[in-house]
Amino acid sequence: MNKTFQTLGEFIIENQSEFAYSSGELSRLINSIRLAAKVVNHEVNKAGLVDITGAAGDTNIQGEDQQKLDVYANERFIQTLTNREIVCGIASEENDDFITIEGHNEDHQNKYVVLIDPLDGSSNIDVNVSVGTIFSIYRRVTKSGTPVTIDDFLQKGNQQVAAGYIVYGTSTMIVYTTGHGVNGFTLNPAIGTYYLSHPNMKFPEDGHIYSINEGNYIQFPQGVKDYIKYCQEETEDGERPYTSRYIGSLVSDIHRNMIKGGIYIYPETSKAPNGKLRLLYECNPMAFLAEQAGGKASNGYQRIMDIQPTELHQRVPFFCGSKNMVTKAEEFMAKSSKP
Ligand SMILES: O=P(O)(O)OC[C@H]1O[C@](O)(COP(=O)(O)O)[C@@H](O)[C@@H]1O
Ligand SMILES: [Mg+2]
Ligand SMILES: [Mg+2]
């Protein structure tokens, strides 16, 4: 079969032997995400027309004003995942605490927990700039037949069994990994089918794009300031200065950099000593994808996926992208933190 035109459904079936656990489970997990993504995509594409823009009137546990599309996407993903009889728990950026899913027989037999950022890049919803959804999947660690506990969610990123994102941009794509490389599928909206458009995605080892909100420059640690200066310096070989690109949607910035080569940094700042991004449903899944695509992800010092989580909504500084660029940024962080 000509792989380029393989559908997501066919790809899942053809590659399910790669999945460490029983085959059908992964299909049901990814299929439920695929379905919810289609429903959310439908609303995203009408943002501005329908009453789906603007604030929902509540704030989430992070103190952020929830956008109507945050709430809508959250409900769709939770509903679809719950109906598929595959998850025993869900944690979301938009829910203070994790949700226990008993399962139709109320016997807690399901084996997976899913952590989601239902709508990433919320500040871009109303201005017609691409946004996304991020998901991270683990096998539960507590005994099945009992309700999930916080331990099932506070697993290190290196225990993820699958992770991915949906980008709602010029086209809508699902990009995911189960630990065997990264593949991207583009939605053909006319027929509602995802096709394998980006097989075996790879982060170029080097790139010429840096993505950081320089509006916070004054608050950045010295290492980050030094790295930005390095990116902006002119070199005889024309390698630098790099180009600055920042969409303000993590999914879209990482997606671009994975295709073109580049680094995304959301560092700690004097106002936000742990940075802004959440470890469990933003940094861990993007780190898993980045590493599976030959890239790298750290908090400037430590590999993101080796960090032991302690809270559901904890934040970490995030450096992610082309391997050699992240290594260079870490060198500046190490140098500046030496006494
Ligand atoms: O506006 P800032 O401070 O640069 O933050 C932008 C970052 O915050 C986020 O919007 C946080 O994600 P949410 O929109 O899911 O809360 C990232 O997508 C993005 O990279
Ligand atoms: Mg987000
Ligand atoms: Mg979000």
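Residues numbered from 1 in each chain as written. Chains lettered and ligands numbered in written order. Predicted model: local features only at pLDDT ≥ 70, side-chain atom pairs only at ≥ 80, totals over all residues. Heavy atoms only, no water.

A. Structural view of the site of ligand 1. In the vicinity of ligand 1 lie 17 residues, with Asp120, Asn213, Tyr246, Leu250 and Tyr266 positioned nearest. Here an oxygen atom of ligand 1 sits 3.0 Å away from a polar atom, N or O, in the side chain of Arg278. Burial of ligand 1 by the protein amounts to 88% of the accessible area it has alone, namely 470 Å². Here ligand 1 is seated within the largest pocket. (Near = heavy atom within 4 Å. Polar contact = N/O pair within 3.5 Å; in protein donor to acceptor, adjacent residues only side chain to side chain. Areas by Shrake-Rupley, 256 points an atom, 1.4 Å probe, with all protein chains shown as cover. 1 Å grid on protein atoms, 1.4 Å probe; cavity = no way out; pocket = protein on both sides within 12 Å on 5 of 7 lines; lining within 4 Å. Sits in = over half its atoms within 2 Å of the grid points.)

B. Structural context of the coordination of the magnesium ion (ligand 3). Coordination of the magnesium ion (ligand 3) by the protein is provided by Glu93 (OE), Asp117 (OD) and Leu119 (O), with metal-donor distances spanning 2.0 to 2.2 Å. Donor residues binding the magnesium ion (ligand 3) come from one chain and are separated in sequence as E-x23-D-x1-L. A distance of 3.7 Å spans the gap from the magnesium ion (ligand 3) to the magnesium ion (ligand 2), which Asp117 bridges by coordinating each metal. Placement of Glu93 in the loop between strand 3 (87–92) and strand 4 (99–100) and of Leu119 in strand 5 (residues 112–120) is noted, with a sequence separation of 26 residues between them. (Donors = N, O, S within 2.8 Å, 3.2 Å for Na, K, Ca; no water. Helix = DSSP H or I, 4+ residues; strand = E, 2+ residues; numbered from the N terminus.)

C. Representation of the domain arrangement of the protein chain. Taken domain by domain, the protein chain comprises domain 1 (3–198) and domain 2 (209–337). For domain 1 versus domain 2, the distance between C-alpha centres works out to 24 Å. Across the boundary between the two partners, domain 1 contributes 51 residues, which contact 32 residues of domain 2. Summed over both sides, the interface between domain 1 and domain 2 buries roughly 2900 Å², with carbon and sulfur atoms accounting for 61% of that surface. For the interface between domain 1 and domain 2, the tally reads two salt bridges. Two residues, Glu64 and Arg278, come together in a salt bridge whose shortest N-O distance is 3.3 Å. Seen at the junction of domain 1 and domain 2, the total is 21 residue pairs in polar contact (both at pLDDT 80 or more). Elements with a contribution of two residues or more to the side of domain 1 that touches domain 2: strand 3, strand 5, strand 6 (131–139), strand 7 (162–168) and strand 8 (172–177). If you tally residues by element for the side of domain 1 that touches domain 2, the top one is strand 6, at seven residues. Here the side of domain 1 that touches domain 2 is composed, by residue class, of 23 nonpolar, 21 polar and seven charged. (Domains from an automatic or database assignment. Contact = heavy atoms within 4.5 Å. Buried area = accessible area lost by both parts, 1.4 Å probe. Salt bridge = Lys/Arg side-chain N within 4 Å of Asp/Glu carboxyl O. Nonpolar A, V, L, I, M, F, W, Y, C, P; charged D, E, K, R; others polar.)

D. Local environment of the sheet that holds strand 13 (residues 263–266). Taking strand neighbours across the sheet as the criterion, the five strands line up as 12-11-13-15-14 in an open arrangement whose pairing is mixed. Two strands close off the open sheet at either side, each with one partner strand: strand 12 (243–244) and strand 14 (296–298). The pairing of strand 13 with strand 15 (residues 318–321) spans four bridges and is classified as antiparallel. Considered in strand 15, the bridge of Ile263 is made with Gly321. (Pairing = 2+ DSSP bridges.)

E. Molecular detail of the UniProt feature "binding site: Mg(2+) 2" (unreviewed entry) in the protein chain. On the UniProt side, "binding site: Mg(2+) 2" (unreviewed entry) is annotated at positions that read Asp117, Asp120 and Glu282 here. These annotated residues cover 166 residues of sequence, but their C-alpha atoms sit close together, with the largest distance between any two at 8.6 Å. Lining residues of the largest pocket, restricted to the annotated ones just named, are Asp117, Asp120 and Glu282. Along the chain, Asp117 turns up in strand 5. Overall, Asp117 belongs to the buried group, its relative accessible area being 0%. Here Asp117 is in contact with Glu93, Gly132, Thr133, Ile134, Tyr281 and Glu282, once residues within four sequence places are set aside. Examined against the element boundaries, Asp120 turns out to sit in strand 5. Asp120 has contacts with Val131, Gly132, Thr133, Ile134, Ser249, Leu250, Val251 and Glu282, leaving out every residue within four places of it along the chain. (UniProt positions renumbered as here; feature names shortened; annotations may be inferred. Buried < 20%, exposed > 50% of the residue type's maximum accessible area, 1.4 Å probe, protein only.)

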